[in-house]
2 protein chains.
Amino acid sequence: MSRKRVVIVGGVAGGATCAARLRRLDETAEILVLDRGPYVSFANCGLPYYVGDVIQDESKLLLASPELFRKRFNIEVRTKHEVTAIDRGRRTVTVKDLEAGTESKEPYDALVLSPGAAPIRPAWPGIDLPGIFTLRSVPDSREIRHWIETRNPGTAVVVGGGFIGLEMTENLRHRGIAVTVVELARQVMPPLDAEMAEYAREHLESHGVNLVLGEGVVGFEQAGGSELMVRTQSGATFDADLVVLSIGVRPETQLARSAGLEIGDRDGIHVNEQMQTSDPHIWAIGDAVEVRNWVTGQWELVPLAGPANRQGRVAADAICGRETKFRGVQGSAVCGFFGLTVALTGATEKSLHRAGVKDFAIVYLHPGHHAGYYPGAKTIHLKLLFRKSDGRVLGAQGVGEQGVARRIDVIAQAIQMKATVFDLEEAELCYAPQYGAAKDPVNLAGMIASNVMRGDMELAPWSEVGATSAFLLDVREVHEVRAGALAGAVNIPLGELRARLKELPRSKEIWVTCQVGQRAYYACRILAQHGFRVRNLSGGYNTNSMVHPEEAKEPVAV
Amino acid sequence: MSRKRVVIVGGVAGGATCAARLRRLDETAEILVLDRGPYVSFANCGLPYYVGDVIQDESKLLLASPELFRKRFNIEVRTKHEVTAIDRGRRTVTVKDLEAGTESKEPYDALVLSPGAAPIRPAWPGIDLPGIFTLRSVPDSREIRHWIETRNPGTAVVVGGGFIGLEMTENLRHRGIAVTVVELARQVMPPLDAEMAEYAREHLESHGVNLVLGEGVVGFEQAGGSELMVRTQSGATFDADLVVLSIGVRPETQLARSAGLEIGDRDGIHVNEQMQTSDPHIWAIGDAVEVRNWVTGQWELVPLAGPANRQGRVAADAICGRETKFRGVQGSAVCGFFGLTVALTGATEKSLHRAGVKDFAIVYLHPGHHAGYYPGAKTIHLKLLFRKSDGRVLGAQGVGEQGVARRIDVIAQAIQMKATVFDLEEAELCYAPQYGAAKDPVNLAGMIASNVMRGDMELAPWSEVGATSAFLLDVREVHEVRAGALAGAVNIPLGELRARLKELPRSKEIWVTCQVGQRAYYACRILAQHGFRVRNLSGGYNTNSMVHPEEAKEPVAV
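Definitions and cut-offs
- Residues numbered from 1 in each chain as written.
- Chains lettered and ligands numbered in written order.
- Predicted model: local features only at pLDDT ≥ 70, side-chain atom pairs only at ≥ 80, totals over all residues.
- Pairing = 2+ DSSP bridges.
- Helix = DSSP H or I, 4+ residues; strand = E, 2+ residues; numbered from the N terminus.
- Axes fitted to C-alpha atoms, helices over the stretch in contact; angles between N-to-C directions.
- Left-handed = near helix turned anticlockwise from the far one by under 90°.
- Contact = placed C-beta atoms within 7 Å.
- Nonpolar A, V, L, I, M, F, W, Y, C, P; charged D, E, K, R; others polar.
- Core = buried A, V, L, I, M, F, W, Y, C linked by C-beta atoms within 7 Å.
- Buried ≥ 20, exposed ≤ 12 C-beta atoms within 10 Å, placed from the backbone.
- Domains from an automatic or database assignment.
- pLDDT = per-residue confidence, 0-100.
- Least-squares fit on C-alpha atoms with pLDDT ≥ 70 in both.
- Expected span 1.5 Å × (residues − 1).

Residues and elements named next belong to chain A. Taken in spatial order, the five strands line up as β26-β30-β29-β27-β28 in an open sheet, and their pairing is parallel. Pairing within the sheet leaves two strands with one partner each, and these edge strands are β26 (459–460) and β28 (490–491). Both strand β27 (residues 471–474) and strand β29 (residues 510–513) contribute to a ladder of four bridges, which runs parallel. Along β29, the bridge assignment pairs Phe471 with Ile510.

Below, the structure is given as structure tokens:
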């Protein structure tokens, strides 16, 4: 039996998974893992929490040592070994021992590239001043911890308000540091649709985070002592004893490029469904590769551990000659800070626009995470996107304090199985008063969307509510309207609607709103059956407050 | 336009939903809801928590008043009105006004029966003694509360250890009452498979609940003062200041039977997929009807609010001439007590046996509810059942302190969509360290089952481990084995296995175990590739402790 020799470059999520899976499939293969860093198989996603001292013991981050790989899997792991070149013709890699400074060649039958992605660190003036950090590795996190523990910083600027930036923000606050987040986009969490990110913005601000949105950093200056000054495009400056850059990552493709492997349009390594590069002896996995979002059909860079793990398995299966296929990604992600959970799966309105998809509709809802009559129900703000032509579920975003990941996971599974909104309507989920509702938020999302699909309720677009010539009808109770309402809306409480139909115009469309959309739906049904042309502003005033946050802050006289 | 007249008998979950949906579909229909109780649309599932004073305000249980029905939905609700007969020929019902004592007839075009199910109250000696309660209605819960608040009972016996019985148990403990649960089955939560119910048993006992399993009650006696004595089959007696019967419910079919409607084999009203009874003008929904479990193909009585709600919608749609279909039930349920969550969906081993299904396999796993390196990970005990011939997911049961309902819900959605274990393997769920793992418990369940499907790992049956002639191999570390192990198992730690293959027999099958099944799987892969015949005892010693709880308590000498 000829022993297959597999060399794996990079031993974190994807690489480590691939190595272990290879061994399970082929007891005789020679498997060599090379990593230029000091550790393999470390908990990348835990680093912000180690900085924040939520994870206190560094050893917890180290999931498997080279020793364990050797003993358990008969796999050789060499850390502090960098692969500097690939000779595709001879099927060898050049390996530099970073400690000894020596170079050697390692032959391979199969080569797996799992180099990951590097934090972006733009060439801004002052970028190399002490106290400006990025976070990718255990040593990075150790350095930030050391800075915090020795310098005792009072203020920090986090550049970038994405998932990692907000996790860093929470962890720095946990350390007692005042945090300003500077984000180029006009919202936090740019993958989310803007109105859903509003809930996150509100929550962050209510927890004392200073958010500077729609502002790019242009440079850093030393400001006496250890203090830094962060300057933004508008000319504003922010003092900081510590700066963390979290403006995204860039796939590590240098090795692949030098070897002439095909690079995709998004600047990641291009692979086929078996994670095979343009060289049939070389596979690539993890943050460095481009993957297809199978919901939108777009190629994307998705630096997440879940897909990396799955890719590692697929590559191992392919190398061992098994039939296998990476299904692509659907964009499931979650982030938590200060007790709030923000999660999404599938397409967003943004990603559909980018993909040129127009065949979709959106519903909003704001159900409790469990039955309202049981104490402690927390609101989940949900946005569901579905294909208008056939009801296929395309994506969902959820924000709330409890039960958010659960509902987004259920919808993620539904999307994976190509479910329609009718399937969500019929979903049979676990219900007891402290766990959910007889009509679970997932059911409600499906029901509302199904109402649209069946033509029982037409949707009015929130984006046009300011400019429309439609008649705006608010069916809430008077006391609710007093607390805030759409400009120009006429208030007829739902219970009085049947008796007051004469007050409504037959000449124009009526757009109905309430607090969360349910009563407006009831009103729509009444009005439609009485021959009015009527649409529902989905999600009611609760959604409006997020779509038009500035307006919602104005006091309303009724 | 001729106004359709719909009469609905019973205004709780299904009936109330049906009425409201009817109105949304038909603004002109005349809708009359009759209920013999004092309330409609009350929170049935909340009653144990009202008894326990977790829900303190009775009005919280009343989700919609007759007044709201009238104002919002233009629906007439008459409480304390009992329907005593149906004249199918004339299409009228006889209604008794329970307060006035008068009788009247109400005509219908469509009749919907939503009478619910009554708690079983056997004709045991002493059953009518004061202090013995069942719990179905708001007045029932009020009576128990009154008993607790005026008599200050120190001890209670809950007869029946099913979901409601255990919810009652927790709530009585919450009131400071010592509780004995007497359950006829040899396990708590009879719908669960016995070994999964063991986790619940352990948890209940660790919270001071006295469990008497495999024992039926035979009668009650007055024992001086307000105290009762509960006598069981074995002759044992238990003092109780309060007894709650929760031994199941019986569908209220008397009205349907008297009217000659078809009754099914399980003694529920028989309906078609449109929830229509054998009389085309009469529909039936909720706890009183038999429904088809579409996973097992069996007809069942499923007294749960979720299905009742969906049935109410289907009946309303059908009455309004819409194309509609009740998909059946899949048995999703959840119950929580003392911080433990027990949930299930789809088929159990029991229900498959009952249905005569043999084509299935089972895997067990015990993952953390989130990444182990993040503080606070709690174990989820999972059992996954799948069809051996094609990998279709058939059912899952989960027990643990955190994240259980989420995983069971995801699998519920997968089952609904006819997913295979390969789909669970590829599920893309939300991951951040405090929410899950890059390989979520759902992924792990899918991966393990996929290993079986692909022939990478054969399963050994726990039920035969005591009698097998197979060689039992334990690949845990020595210190783990010292804490408890399978009788007769030989210990070779995984890391030493490759070097000690000579110690293993080639003449017989090797059954491998470890703590949770993962290392055993690794060992299986090593051994299989070295030509040994090998099987994994799925779930490892953790599962064994539940399958053979008594044995696991014995100290083990190694």
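Continuing now.
Attention shifts here to the packing of helix α1 (residues 13–25) of chain A against helix α8 (residues 305–319) of chain A. Between two packed helices, what matters for the description is the angle formed by their axes and the separation of those axes. All names here are of chain A. Packing of α1 against α8 brings their axes to within 7 Å, and their N-to-C directions diverge by 35°. Handedness of the α1/α8 crossing: right-handed. Residues Ala13, Gly14, Gly15, Thr17, Cys18, Arg21, Leu22 and Leu25 of α1 lie in contact with α8, whose contacting residues are Ala305, Ala308, Asn309, Gln311, Gly312, Arg313, Ala315, Ala316, Asp317 and Ile319. Across the contact of α1 with α8, the residue classes tally to nine nonpolar, six polar and three charged.

Time to look at the nonpolar core. Counting 378 residues, the largest nonpolar core has Val112, Val243 and Ala284 of chain A together with Val112, Val243, Ala284 and Ala523 of chain B as the members making the most contacts within it. Val112 of chain B has contacts with Val6, Ile8, Val9, Gly15, Cys18, Trp283, Ile285 and Ala315 of chain B, leaving out every residue within four places of it along the chain.

A word on the pairing of strand β4 (residues 81–87) of chain B. Residues and elements named next belong to chain B. Pairing geometry for β4 and strand β5 (residues 92–97), over six bridges, is antiparallel. Residue pairing for β5: His81 is matched across the bridge by Asp97. Counting the residues in the hairpin turn of β4 and β5 gives four residues, including Arg91, whose phi is positive at 55°.

In this section: the domain arrangement of chain A. Residues and elements named next belong to chain A. Domain parsing of chain A yields domain 1 (5–117 + 250–319), domain 2 (132–247), domain 3 (339–453) and domain 4 (459–553). Look at where the C-alpha atoms of domain 1 and domain 2 centre, and you get two points 30 Å apart. Counting residues at the interface gives 14 residues for domain 1 and 15 residues for domain 2. Class assignment of the residues belonging to the side of domain 1 that touches domain 2 gives a composition of ten nonpolar, two polar and two charged.

Before going further, it helps to examine the confidence of the model for chain A. For chain A, mean pLDDT is 95; residues scoring 70 or higher make up 98% of the total. This stretch, residues 552–558 of chain A, has a pLDDT under 50; its non-local contacts, to residues over four places away or in other chains, come to nine contacts.

Turning our attention to the relation of the copies chain A and chain B. Mapping chain A onto chain B calls for a rotation angle of 180° and an axial translation of 0.0 Å; the resulting RMSD is 0.0 Å. A rotation of that kind, with that shift, is consistent with a two-fold axis. When the interface residues of chain A are mapped onto chain B, 100% of them again lie at the interface, so the same face is used by both copies.

Moving on, we come to helix α12 (residues 441–453) of chain A. Residue and element names in this part refer to chain A. Between its first and last C-alpha, α12 extends 18 Å over 13 residues, near the 18 Å set by a 1.5 Å rise per residue. Burial within α12 is extensive, with 13 of its 13 residues counted as buried. One or two positions beyond α12, positive phi appears at Gly455, with a value near 80°.

With that settled, the discussion passes to the sheet that holds strand β6 (residues 103–107) of chain B. All names here are of chain B. Read from one edge of the open sheet, three strands run β4-β5-β6, paired in antiparallel fashion. Every other strand in the sheet has two partners, leaving β4 and β6 as the edge strands with one partner each. Averaged over all pairs of adjacent strands, the angle between strand axes in this sheet comes to 30°, irrespective of strand direction. Bridging between β5 and β6 involves five bridges; their strand directions are antiparallel. Across the sheet, Val93 pairs through a bridge with Glu106, a residue of β6.

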